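# An overview of the molecular structure
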Amino acid sequence: MVLGTYKEVVAARSTDKQIQKIAQDGGIVSGLFCYALDEGLIDGAVVAGPSDVMWKPEPMVAMTSDEILAAAGTKYTFSPNVWMLKKAVRQYGLEKVGTVAIPCQSMGIRKMQSYPFGVRFVADKIALMLGIFCMENFPYESLRTFISEKAGVDFDLVEKLDIGKGKFWIKTADQMLTIPLKETHGYEQNGCKVCLDYVCELADVSTGSVGTPDGWSTVFVRTDAGETVFKQAVEAGVIETKSMDDVKPGLGLLEKLATDKKTKAMKVIDERKAMGLPVPFKGSGEKEDPLANV
Amino acid sequence: MSILARIKSFLGMEAKPDKEASQEEVEKVAEEKAKPRIGYIHLSGCTGDGMSLTENYDILAPLLTDMVDIVYGQTLVDLWEMPEMDIALVEGSCCLQDEHSLHELKEVREKAGLVVAFGSCAATGCFTRYSRGGQQAQPSHESFVPIADLVKVDLAIPGCPPSPEIIAKTVVAAINGDMDYLQPMMDLAGYTEACGCDLQTKVVNQALCIGCGTCAMACQTRALSMTNGRPELNSDRCIKCGVCYVQCPRSWWPAERINQDLGL
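About the cut-offs
- Residues numbered from 1 in each chain as written.
- Chains lettered and ligands numbered in written order.
- Predicted model: local features only at pLDDT ≥ 70, side-chain atom pairs only at ≥ 80, totals over all residues.
- Heavy atoms only, no water.
- Helix = DSSP H or I, 4+ residues; strand = E, 2+ residues; numbered from the N terminus.
- Contact = heavy atoms within 4.5 Å.
- Rg over C-alpha atoms; globule rule 2.2 N^0.38 Å.
- Buried < 20%, exposed > 50% of the residue type's maximum accessible area, 1.4 Å probe, protein only.
- Areas by Shrake-Rupley, 256 points an atom, 1.4 Å probe, with all protein chains shown as cover.
- Lys, Arg positive; Asp, Glu negative; His and termini not counted.
- Charge placed at Lys NZ, Arg CZ, Asp CG, Glu CD.
- Arc of directions from axis to C-beta.
- Patch = residues over 30% accessible without salt bridge, like charges linked within 9 Å, V, L, I, M, F, W, Y side chains within 5 Å.
- Salt bridge = Lys/Arg side-chain N within 4 Å of Asp/Glu carboxyl O.
- Buried area = accessible area lost by both parts, 1.4 Å probe.
- Pairing = 2+ DSSP bridges.
- Axes fitted to C-alpha atoms, helices over the stretch in contact; angles between N-to-C directions.
- Phe/Tyr/Trp six-rings, centres within 6.5 Å; stacked < 30°, edge-to-face > 60°.
- Lys NZ or Arg CZ within 6 Å of the ring centre and 35° of its normal.
- Parallel < 35°, antiparallel > 145°, perpendicular 65-115°, else oblique.
- Nonpolar A, V, L, I, M, F, W, Y, C, P; charged D, E, K, R; others polar.
- Core = buried A, V, L, I, M, F, W, Y, C linked by side-chain atoms within 4.5 Å.

## Comments concerning the overall build of chain B
- Regarding its fold elements, chain B presents 12 helices and 9 strands.
- Here the contacts in chain B between residues at least 6 apart in sequence split such that 76% fall between residues at least 24 apart.

And the structure:
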């Protein structure tokens, strides 16, 4: 199960024209959060919001659709969203919190739910966790460096960043530039190299662009909580779906990328263990399925 | 069931349940299991851990009346002689200048099947690590150590205080002999030199940090913030409770339990 456990996988996109315009791909995260907020399924959502510095996100608690949309789109550097969860509960008084997480963040949240040592009455208030596929993350200065040095673009002029088709895409008002991904790998944060999870296997619903055509997203519905919200949103017409069998490139590409990530990470884990360095995951020799997400 | 049989079952020789603490679970356990005898020993702590336990309003009454027998504890039981116990929850660190505490701790180890370091003062020393004496009524009391420095500890539940939920989950798991759930807490019994700088030395310096912010969320004194995606410790605020490192997804990772909890 290289893609984790799931109830359903579909190609989907938000039907909202405004979301389609500003969102990264199918606008699934924005669309679902706006719907969940409107329907009272969540009281607010912790998202990677804008900051004073371009492309440097700050975690924020979005309480309205406008605030959700202000945070739409992918940023390729850290936003310690998990930090904000306690604030969302304590200071904003939210009872039903939505949050968007990349795989490592979902791990922090799920561990906190299963073992809430010092985290008092936050675990039970996470009502909806939307996960995003993630291959790696970049320190802010890494991003700045390869965009300004390799692509030769002033960082302040960048309007959209994207990863796809083996390239890092940089869009400005009047041009589209690319950097081959193999040239950005040296800039990723090292902690990503032992991560076995590409498709956010612990989220309620996880989504990403890979597997579906431009403007659409692949969506895995994983838990009961995720199923409830996603089904309602589809029935309400907020999200439209297609069968994964009917779209290109389909699940095969996802399976390949997820397998690649796990295989690479497993090798790093084994090497670290051989060097005596700590790593919280089992080595390939310690588990039945070397690609299992443990 | 004899004490020995109960302790054996705590050590993993019993069928393992797959549910966490819930109302139904509490009722089921109450019907099926013999009540373990629990003692509460209070050393140098602020009583916050005990107060956190009482915040389990929903399950507290059945927990205390149907699931366990409280057989020893200041203000809880009118008893001077320490009886034999299955589980002893020890709150607070041990003051080395206090003979009574030293004696009580040694006695607990002899009388209890499982000694649990309950809360960060008992588990890691926590803020009592900074004590320098000079206070009434015993100005000479200045050295406070986690109880594992003096006796063998079976389980540690860090937290200042531990959350009400982890207390309930731990008690139910202990009663059920759910050793899988308790394993991380058994592993933590040796983690006594806790400090916020563990994040730096054991996570960031080891190239494991991913900047998720879980540590900063878990910090109970706001000693941690995130700078450039990495934890930054304000050591003036750190109380050495250990929760940031314990909560970090890159310190230890309970994959199977999480999949089970999520139904994945």
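Okay, back to it.
## Considering the overall build of chain A
- Looking only at helices and strands, chain A features 9 helices and 11 strands.
- Computed over the C-alpha atoms, the radius of gyration of chain A is 19 Å, within 12% of the 19 Å expected from 2.2 N^0.38 for a compact globule of 294 residues.
- The principal-axis extents of the C-alpha atoms in chain A amount to approximately 50 × 50 × 40 Å.
- Taking all 294 residues of chain A together, 55% fall into the buried category.
- Pairs at least 24 apart in sequence give 66% of the contacts found in chain A among residues at least 6 apart.
- When the accessible surface of chain A is totalled, it reaches about 12,200 Å², and 51% of it is carbon and sulfur.
- Averaging the coordinates of the 35 positive side-chain charges in chain A and doing the same for the 39 negative ones gives two points 4 Å apart.

## Description of helix H12 (residues 255-262) of chain B
- Those residues of H12 of chain B that fall on the buried side of the exposure criterion are Ala255, Arg257, Ile258 and Leu262 of chain B. Viewed along the axis of H12 of chain B, the buried residues span an arc of 165 degrees, placing them on a single side of the element.
- Where H12 of chain B is buried, its residues meet helix H5 (103-114) of chain A together with helix H8 (179-187) of chain B.
- With its phi angle positive at about 70 degrees, glycine 263 of chain B sits one or two positions after the end of H12 of chain B.

## Quick notes on a nonpolar patch on the surface
- A contiguous nonpolar surface patch, about 240 Å² in accessible area, is contributed by Leu64, Ile70 and Leu76 of chain B.
- Counting through the fold element by element, leucine 64 of chain B comes out in helix H4 (residues 57-67).

## Some thoughts on the interface of chain A and chain B
- Taken together, the contacts link 47 residues of chain A with 56 residues of chain B.
- Regarding the contact of chain A and chain B, the summed buried area is about 4,200 Å², with carbon and sulfur atoms giving 63% of it.
- The largest contributions to the chain A side of the interface with chain B come from Lys111, Tyr115 and Phe117 of chain A, which together make up 22% of the buried area.
- Linking chain A with chain B are 2 salt bridges.
- With a shortest N-O distance of 2.4 Å, glutamate 55 of chain B and arginine 120 of chain A are connected by a salt bridge.

## Regarding the sheet that holds strand S4 (residues 97-101) of chain A
Residues and elements named next belong to chain A.
- The strand order across the open sheet formed by 8 strands is S3-S2-S4-S5-S9-S10-S1-S11, and the pairing between neighbours is mixed. The two strands at the open ends of the sheet, each matched to only one other strand, are strand S3 (58-62) and strand S11 (239-243). Sheet twist, expressed as the mean angle between neighbouring strand axes with direction ignored, is 30 degrees.
- Relative to strand S10 (residues 217-221), strand S1 (residues 8-14) runs antiparallel, the two sharing 5 bridges. Across the sheet, residue valine 9 finds its bridge partner in S10, namely phenylalanine 220.

## Remarks on the packing of aromatic side chains
- The tally for this structure, following the rule as stated, stands at 15 aromatic pairs over all chains.
- Look at tyrosine 6 of chain A and phenylalanine 220 of chain A: their rings are 4.8 Å apart centre to centre, the planes differ by 65 degrees, and that puts the pair in the edge-to-face class. Highlighted residues: tyrosine 6 of chain A in the segment before S1 and phenylalanine 220 of chain A in strand S10, separated in sequence by 214 residues.
- On the accessibility criterion, tyrosine 6 of chain A (31% relative accessible area) is partly exposed.
- Judged by relative accessible area, which is 0%, phenylalanine 220 of chain A ranks as buried.
- Pairing phenylalanine 138 of chain A with phenylalanine 146 of chain A gives two aromatic rings, centres 5.1 Å apart and planes at 75 degrees, and the pair type is edge-to-face. For the pair phenylalanine 138 of chain A and phenylalanine 146 of chain A, one class covers both residues: buried.
- Taken together, the aromatic side chains of Tyr76, Phe138, Phe146, Phe168 and Tyr187 of chain A make up a single cluster linked through ring pairs.
- Directly above the aromatic system of tyrosine 245 of chain B lies the positively charged group of lysine 202 of chain B, at a separation of 4.9 Å from the ring centroid.

## Notes on the packing of H5 of chain A against H12 of chain B
- Where H5 of chain A contacts H12 of chain B, the two axes come as close as 10 Å, and the packing angle between them is 80 degrees. As summarised for this structure, H5 of chain A and H12 of chain B are arranged roughly perpendicular, according to the angle between their axes. Each of Arg110, Lys111 and Ser114 of chain A in H5 of chain A lies in contact with H12 of chain B, whose residues at this interface are Arg257, Ile258, Asp261 and Leu262 of chain B.
- A per-class count over the contact of H5 of chain A with H12 of chain B returns 2 nonpolar, 1 polar and 4 charged.

## As for the pairing of strand S5 (residues 112-118) of chain B
All names here are of chain B.
- With respect to burial, S5 is a largely interior element, 7 of its 7 residues being buried.
- Sheet topology places strand S3 (residues 85-91) next to S5; 6 bridges connect them, and they run parallel. Looking across to S5, one finds that methionine 85 is bridged to alanine 112.
- As judged from the 3 bridges shared by S5 and strand S7 (residues 155-157), these two strands associate in the parallel manner. In the strand pairing of S7, valine 116 is matched with leucine 155.

## Concerning the sheet that holds S5 of chain B
All names here are of chain B.
- Read across the open sheet, the 5 strands follow the order S2-S1-S3-S5-S7; overall the sheet is parallel. Looking at which strands have only one partner, the edges of the open sheet turn out to be strand S2 (69-73) and S7. Adjacent strand axes in the sheet meet at a mean angle of 25 degrees when their direction is disregarded.
- Packed on one face of the sheet, helix H5 (residues 99-111) meets strand S1 (37-42), S2, S3 and S5 and runs near 135 degrees to S5.

## Section: the nonpolar core
- With 71 residues, the main nonpolar core has Phe117 of chain A together with Ile41 and Ile147 of chain B as its most contacted residues.
- If one sorts the elements of this core by residue count, helix H7 (residues 164-176) of chain B sits on top with 7 residues.
- Beyond its immediate chain neighbours, meaning those up to four positions away, isoleucine 147 of chain B contacts Leu43, Val90, Gly92, Leu105, Val115, Ala117, Ala122 and Val153 of chain B.
- Cys104, Ile109 and Met129 of chain A together with Cys126 of chain B belong to the second-largest nonpolar core, a separate cluster that totals 32 residues.

On their own, these measurements won't tell you what the molecule is for.
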